[in-house]
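Next come the chains, spelled out residue by residue.
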Amino acid sequence: MPSTVEEPSMVLIARKDLKMSAGKLAVQCSHAAVTCTLSARKSHPRLVERWMNAGARKICLSSDDLETIQRLIGQAQAAGLVTTLVKDAGHTELPPGTVTVLGIGPSPRRSIDALVSDLKPY
Amino acid sequence: MGFRSFLHRITAPHPSGPSPNGNCKMVFVVNHNLKMGKGKIAAQVGHGAVLATMKAGEKKPMYLEKWLASGQKKVCVKGTDAAHLLDLQTSAERGGILTTLVHDAGHTQIPSGSLTVLALGPHVDDILDEITGELKLL
């Protein structure tokens, strides 16, 4: 049995400063979750299978601003993790192109925790 | 984005079957009775989205392909309670819409096994609106 820290996980880091509605937040996070999953299925198929079989762990975390997300995406990519940056299409609430959510994973939980341990749950 | 090559992997041979007649979306009906926090709802809807995507890859690849190619439109609406979600599921299945139920693992906020979200689609906009068009946006 793999230990908890080795189990795959996914984090969806959303910008709290945008004050999105609950539905908007959920939709933006889901864009990230689906795109990350499809992308990881190509690069890490066995990891995705393990993640799905273990309940596809997902956590929504909050970022205070865009800068935090830009810093994290650089660090995650440098660590070789799967990332997706969601930009809003601008149909509702926000101007088009606004960065709303950064998705990281599915990746080993330890690798993700190393990057996001200082972020709070949304 | 490489979606096509992904689709080929999970739907080989080439995606086939009935083609959607119109633009496609996914609708998520959230169980409002559970009073989940915003982040909790986002994670639960995320589960529904990923599960529905995988299911569509197997059962309705043409719908999945059209939905992905047109920006994977998603909408979140409010459902009253678990019974309401199950009623909507029955109506949707009768209409040939893919349905996915999300049950919480109970790590946080609510009792384990609670029905949190009903995901519908990807399916044609107008047909989904017949099922959920009257519900309020979340």
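Provided above is the structure to which this section pertains.
Structural notes, computed from the coordinates. (Residues numbered from 1 in each chain as written. Chains lettered and ligands numbered in written order. Predicted model: local features only at pLDDT ≥ 70, side-chain atom pairs only at ≥ 80, totals over all residues.)

### What about the overall build of chain A?
Line of reasoning, step 1. Regarding its fold elements, chain A presents 4 helices and 5 strands.
Line of reasoning, step 2. Shown N-terminal to C-terminal, the secondary structure of chain A runs as helices and strands in the order β-α-α-β-α-β-β-α-β.
Line of reasoning, step 3. The C-alpha atoms of chain A give a radius of gyration of 14 Å, which matches the 14 Å a tight globule of 122 residues would have.
Line of reasoning, step 4. Taking the principal axes of its C-alpha atoms as reference, chain A extends roughly 45 × 25 × 25 Å.
Line of reasoning, step 5. The proportion of buried residues among the 122 residues of chain A is 48%.
Line of reasoning, step 6. In chain A, the proportion of contacts linking residues at least 24 apart, taken out of those at least 6 apart, comes to 76%. (Helix = DSSP H or I, 4+ residues; strand = E, 2+ residues; numbered from the N terminus. Rg over C-alpha atoms; globule rule 2.2 N^0.38 Å. Buried ≥ 20, exposed ≤ 12 C-beta atoms within 10 Å, placed from the backbone. Contact = placed C-beta atoms within 7 Å.)

### Some remarks on the interface of chain A and chain B
Line of reasoning, step 1. Facing 24 residues of chain A, the contacting portion of chain B comprises 23 residues.
Line of reasoning, step 2. If you tally residues by element for the side of chain A that touches chain B, the top one is helix H1 (residues 22-43) of chain A, at 14 residues.
Line of reasoning, step 3. In terms of residue class, the side of chain A that touches chain B is made up of 16 nonpolar, 5 polar and 3 charged. (Nonpolar A, V, L, I, M, F, W, Y, C, P; charged D, E, K, R; others polar.)

### Observations regarding the nonpolar core
Line of reasoning, step 1. Formed by 74 residues in total, the largest nonpolar core has its most connected members in Leu-12, Ala-26 and Cys-29 of chain A together with Phe-28, Ala-42 and Val-45 of chain B.
Line of reasoning, step 2. Counting residues per element, this core draws most heavily on H1 of chain A, at 11 residues. (Core = buried A, V, L, I, M, F, W, Y, C linked by C-beta atoms within 7 Å.)

### Things to note about unusual backbone geometry
Line of reasoning, step 1. With an omega of 0°, the peptide bond between Gly-105 of chain A and Pro-106 of chain A qualifies as cis.
Line of reasoning, step 2. The peptide bond linking Gly-121 of chain B to Pro-122 of chain B adopts the cis configuration, its omega dihedral lying at 10°.
Line of reasoning, step 3. You can see Pro-122 of chain B is positioned in strand S4 (residues 115-124).
Line of reasoning, step 4. A positive phi angle is found at Ala-56 of chain A, which is not glycine, with a value near 50°.
Line of reasoning, step 5. Examined against the element boundaries, Ala-56 of chain A turns out to sit in the loop between helix H2 (45-53) and strand S2 (58-63).
Line of reasoning, step 6. Positive phi, normally seen in glycine, also occurs at Lys-35 of chain B, with a value near 50°.
Line of reasoning, step 7. Residue position: Lys-35 of chain B is located in the loop between strand S1 (24-31) and helix H2 (38-59).
Line of reasoning, step 8. When the 9 C-beta atoms within 10 Å are taken as the criterion, Lys-35 of chain B is described as exposed.

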